[in-house]
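One-letter residues, chain by chain:
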Amino acid sequence: MQLISNFKSYCKMGRCFLPFMSWIGELKNPAVLKADVIAGVTVALVLIPQSMAYAQLAGLPPYYGLYASFLPGMIAAIFGSSRQLATGPVAVVSLLTASALEPIASSGSEAYLAYAIILALFVGVFQLMLGLLRLGVLVNFLSHPVVIGFTNAAAIIIATSQISKIFGVTVEKAAHHYETVWRVMEAAVSQTHYPTLAMGVLSLAILIVFKKFLPKWPNVLIAVAVATIASWAFDFAGKGGAVIGTIPEGLPGFNFPDATWSEVSGLMGTAIAIGLIGFMEAISIAKAMAARTQQKLDPNQELVGQGLSNLVSGMFSGYAVSGSFSRSAVNINAGAITGFSSIVTGVVVGITLLWLTPLLYHLPQATLASVIVMAVVNLVKIEPIKYAWKVQKHDGIVSIVTFSLTLLLAPHLENGIIVGVLLSLGLFLHRTMRPRIALLSRHPDGTLRDAKVHDLEVCPHISMIRFDMSLYFANTGYFEDTILEQVAAHPEIRYIIIDAESINHIDATGEEMLHSLARALDESGVEFLFARTKLQVLAVFIRTGFIQTLGEDHFHRTRTEALKYAWDRTYCEHEGCTGNCYLARGKVADKVEVEVPTPS
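Now for a look at the structure at hand.

A closer look at the overall build of the protein
Here's step 1: Helices and strands together make up the secondary structure of the protein, namely 26 helices and 8 strands.
Here's step 2: For the protein, whose C-alpha radius of gyration is 32 Å, the value lies well above the compact-globule estimate of 25 Å for 600 residues.
Here's step 3: Here the C-alpha coordinates of the protein stretch approximately 110 × 60 × 50 Å along the principal axes.
Here's step 4: Long-range contacts, defined as pairs at least 24 residues apart, comprise 79% of the intrachain contacts of the protein with a sequence gap of at least 6.

Encoded structure:
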């Protein structure tokens, strides 16, 4: 019922179907319209060759990349919340598409094309449902270390998958990607097609030189234009070089492939992986641009936009798409102000499909391979993995394991992601099962600190313990054992005070354990006290009757009040009372003086 309520309230706010209404009025300003048109055309000049390269990476005919660039980007701009996000084919999603389809169909076959379309539809439905039900938080299960490890591995896999096209060799694919790469390298030693290699090297040189010395120039477009002209002039295709060839003219029509559920049900896992990873890529760049432009970004609305764009892509012969880092950067740097720039981009792609495809006939596939290599080389970043290790070794381990398994298990990339997610959740659970528990004592400066860390003397009669974690089923046993061990090790203890400031949540298992522990302590002659308990935790204690069971006078707002309660009922005779012991009656954390009772 809560999910339905979320959906109704979401659509009632008018954002479910008409988010573009927030910017369409701005197009009346000629300056805004001009800026968006220029940005849209600029992005299209990058998108057209790049989308064909990514379609090739996905194992599809290059023109499928144009199909996936025509309508999806427009739909994402109209129904998404980001104004500058450029949606279309991207490298990682293309690789995931290939990894899912190659084991079940031959690349380029009718079945392969049909499965690619169905996969896009699955991704669209998954993302759309997450957005409508406002469940975008599920993306958080893909932790940053998992994404870092996977992205680095994926970039290496993508780059090495293009080696065969640059050297002009063909090998039979092995069970694992690294085995296929080795076969390619062996074939390249004796079977390299030198005209293809020359075309690939020329394309790489142009891409690198223009990126370094003329970064504002469209290096991809220049490389494609030069390589295409060279291919035509020197009859590259006649010398055995692979070119794009004939591209069907016209816009893609509505297409819904015929397949049984048993044939495509296995794609659901990959669809979820693509849906989550693709959205993470989209929302990351969208957030960065929103911070720059001060616009409001709604992640759930963005999920709706991305979901609809994938649905439309599948319905019109495209494949799975996502927001692009590189093209979004081109879009905003070219001056895009509203989502209309993406509509202009789609129109330019449509014009290309209608009238300009013959110009692409002689485009070498080695050039597209070079475009892919240059696009993903910047995704290989070791520093984030090192940084994750510095922050938390467990995060570094997750990144390294995800990276290693993704490389080893390729082309089954989803397995690396799944293991990474499970490992990150498992390590998190491990950390929370044994959280830090501090036995507090009074420091010379008057504050209460960890006695073990600061080598402070503790009182044998009163123990104040701080539990630095919410109390839930995974760590209740550790909490209970720690308290009972403290009592067993110090038979003179009469009061256990729990500094509950760090306990933000308690579940049924934790609450039941406290009932049991309170009874056990009472039978041992030890009183159980709580200090600084959060309101949400107190609310649980009130509902369950734990406060009434223990007694309201056992719950205190401050640690000083809890200590005074124990002091008024206990007299300590050990020498520590003149030192750092609680019963020394000195000033504690909140500097409250407490009178020392006269011994009877």
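There's more to say after this.
Topic: the packing of aromatic side chains
Here's step 1: Summed over all chains, the structure comprises 16 aromatic pairs.
Here's step 2: A centroid spacing of 5.9 Å and a plane angle of 65° characterise the contact between Phe122 and Trp261, whose relative ring orientation is edge-to-face. Taken as a pair, Phe122 in helix α6 (residues 110-132) and Trp261 in helix α12 (residues 261-264) lie far apart in primary sequence, 139 residues in all.

Quick notes on the pairing of strand β6 (residues 495-499)
Here's step 1: Burial of β6 is extensive: 5 of the 5 residues sit out of reach of the surface.
Here's step 2: Of the two faces of β6, the one carrying Tyr495, Ile497 and Asp499 and the one carrying Ile496 and Ile498 are both buried.
Here's step 3: Examined bridge by bridge, strand β5 (residues 462-467) and β6 share 5 bridges and lie parallel to one another. For Met464, the partnering residue across the bridge sits in β6 and is Ile497.
Here's step 4: Regarding topology, helix α22 (residues 476-489) serves as the crossover connection from β5 to the parallel β6, and that connection is right-handed.
Here's step 5: Once you follow β6 into helix α23 (residues 508-523) and on to strand β7 (residues 527-531), the crossover reads as right-handed.

Things to note about the environment of His193
Here's step 1: Counting through the fold element by element, His193 comes out in the loop between α9 (177-191) and α10 (194-213).
Here's step 2: Residues His193 and Lys165 lie 28 residues apart in sequence; the distance between their C-alpha atoms is 9.7 Å.
Here's step 3: The residues contacting His193, other than those within four sequence positions of it, are Phe167, Gly168, Lys239, Gly240 and Gly241.
Here's step 4: Side-chain polar atoms of His193 contact the side chain of Thr196, separated by 2.6 Å.

Some words on the environment of His176
Here's step 1: Within the fold, His176 resides in the loop between α8 (163-167) and α9.
Here's step 2: For the pair His176 and Leu408, spaced 232 residues apart in sequence, the C-alpha separation works out to 7.2 Å.
Here's step 3: Excluding residues that lie within four positions of it along the chain, His176 makes contacts with Leu408, Leu409, Ala410 and Pro411.

A few points about the layout of surface pockets
Here's step 1: Approximately 940 Å³ is the volume found for the second largest pocket.
Here's step 2: Together, 42 residues line the second largest pocket, and Glu102, Ser161, Ser164, Lys165 and Lys173 are the ones closest to its centre.
Here's step 3: Only α2 (30-57), α5 (91-101), α7 (144-161), α8, α9 and α17 (365-376) provide two or more residues apiece to the lining of the second largest pocket.
Here's step 4: Residue contributions to the lining of the second largest pocket peak at 4 residues, all from α9.
Here's step 5: The residue makeup of the lining of the second largest pocket, split by class, is 18 nonpolar, 21 polar and 3 charged.

Some points on the pattern of salt bridges
Here's step 1: Considering all chains together, one arrives at 12 salt bridges under this definition.
Here's step 2: The partner of Arg466 in a salt bridge is Asp468, and the shortest N-O contact between them spans 2.9 Å.
Here's step 3: You can call Arg466 buried: its relative accessible area is 17%.
Here's step 4: With a closest N to O distance of 3.0 Å, Glu501 and Arg532 form a salt bridge. Of this pair, Glu501 sits in the loop between β6 and α23 while Arg532 sits in the loop between β7 and α24 (535-544), and the two are 31 residues apart along the sequence.
Here's step 5: The exposure class of Glu501 is partly exposed, given its relative accessible area of 37%.
Here's step 6: A cluster of three or more residues bridged by salt bridges with shared partners is formed by Arg436, Asp450, Arg466 and Asp468.

Some words on empty space enclosed by the protein
Here's step 1: Tallied over the entire structure, the rule returns 2 cavities of 30 Å³ or more.
Here's step 2: The space that makes up the largest cavity amounts to roughly 80 Å³.
Here's step 3: For the largest cavity, the full set of lining residues is Val43, Leu47, Ser69, Gly73, Ala86, Thr87, Arg327, Asn331, Ser341, Ser342, Thr345 and Gly346.
Here's step 4: Contributing elements (two or more residues each) for the lining of the largest cavity: α2, α15 (325-333) and α16 (340-356).
Here's step 5: In terms of residue count, the dominant contributor to the lining of the largest cavity is α16 (4 residues).
Here's step 6: Across the lining of the largest cavity, the residue classes tally to 3 nonpolar, 8 polar and 1 charged.
Here's step 7: Put simply, the second largest cavity is a space of about 30 Å³.
Here's step 8: Here the residues of the lining of the second largest cavity are counted per class, giving 8 nonpolar, 1 polar and no charged.

As for the sheet that holds strand β4 (residues 448-450)
Here's step 1: Strands sit in the order β4-β3-β5-β6-β7-β8 across an open sheet of 6 strands; the sheet is mixed. Of all strands in the sheet, those with a lone pairing partner are β4 and β8 (555-556), marking the two edges.
Here's step 2: Pairing of β7 with β8 involves 2 bridges; the strand directions are parallel. Following the sheet pairing, Ala531 is matched in β8 by His556.
Here's step 3: Here α22 sits on the sheet and contacts β3 (437-442), β5 and β6; the angle it forms with β6, its principal contact strand, is near 145°.

Considering α23
Here's step 1: With 16 residues, α23 ought to run about 22 Å at 1.5 Å a step, and its terminal C-alpha atoms sit 23 Å apart, in line with that.
Here's step 2: Of all the residues in α23, the buried ones are Gly510, Glu511, Met513, Leu514, His515, Leu517, Ala518 and Leu521.
Here's step 3: If you follow the buried residues of α23, they end up packed against α22, β7, α24 and α25 (546-550).
Here's step 4: N-cap assignment for α23: the residue whose side-chain oxygen lies 3.2 Å from the backbone N of Thr509 is Asp507.
Here's step 5: Note on α23: the residue one or two positions beyond its end, Gly525, has a positive phi of about 80°.

Re the packing of helix α4 (residues 72-79) against α16
Here's step 1: Where α4 contacts α16, the two axes come as close as 8 Å, and the packing angle between them is 165°. Classified by the interaxial angle, the pair formed by α4 and α16 is roughly antiparallel. Here α4 and α16 pass one another in a crossing that is left-handed. For the pair α4 and α16, contact is made by Gly73, Met74, Ala77 and Ile78 and by Ser342, Ile343, Gly346 and Val347, respectively.

Comments concerning the environment of Tyr54
Here's step 1: Assignment of secondary structure puts Tyr54 in helix α2.
Here's step 2: Those residues within four positions of Tyr54 in sequence are excluded, and the remaining contacts are Pro89, Val90, Ala91, Ser94, Tyr319, Arg327, Ile372 and Ala375.

Overview of a nonpolar patch on the surface
Here's step 1: Residues Leu251, Val347, Ile351, Leu354, Trp355, Leu356 and Leu359 make up a contiguous nonpolar surface patch of about 660 Å² in total accessible area.
Here's step 2: Along the chain, Leu354 falls in helix α16.
Here's step 3: We classify Leu354 as partly exposed; its relative accessible area is 31%.

What counts as what
Residues numbered from 1 in each chain as written. Predicted model: local features only at pLDDT ≥ 70, side-chain atom pairs only at ≥ 80, totals over all residues. Heavy atoms only, no water. Helix = DSSP H or I, 4+ residues; strand = E, 2+ residues; numbered from the N terminus. Rg over C-alpha atoms; globule rule 2.2 N^0.38 Å. Contact = heavy atoms within 4.5 Å. Phe/Tyr/Trp six-rings, centres within 6.5 Å; stacked < 30°, edge-to-face > 60°. Buried < 20%, exposed > 50% of the residue type's maximum accessible area, 1.4 Å probe, protein only. Pairing = 2+ DSSP bridges. Right-handed = clockwise from strand over helix to strand, strands pointing away. Polar contact = N/O pair within 3.5 Å; in protein donor to acceptor, adjacent residues only side chain to side chain. 1 Å grid on protein atoms, 1.4 Å probe; cavity = no way out; pocket = protein on both sides within 12 Å on 5 of 7 lines; lining within 4 Å. Points joined across faces, edges and corners; volume = space filled by probe spheres on them. Nonpolar A, V, L, I, M, F, W, Y, C, P; charged D, E, K, R; others polar. Salt bridge = Lys/Arg side-chain N within 4 Å of Asp/Glu carboxyl O. Axes fitted to C-alpha atoms, helices over the stretch in contact; angles between N-to-C directions. Expected span 1.5 Å × (residues − 1). Parallel < 35°, antiparallel > 145°, perpendicular 65-115°, else oblique. Left-handed = near helix turned anticlockwise from the far one by under 90°. Patch = residues over 30% accessible without salt bridge, like charges linked within 9 Å, V, L, I, M, F, W, Y side chains within 5 Å. Areas by Shrake-Rupley, 256 points an atom, 1.4 Å probe, with all protein chains shown as cover.

These values are about where atoms sit, not about what they do.
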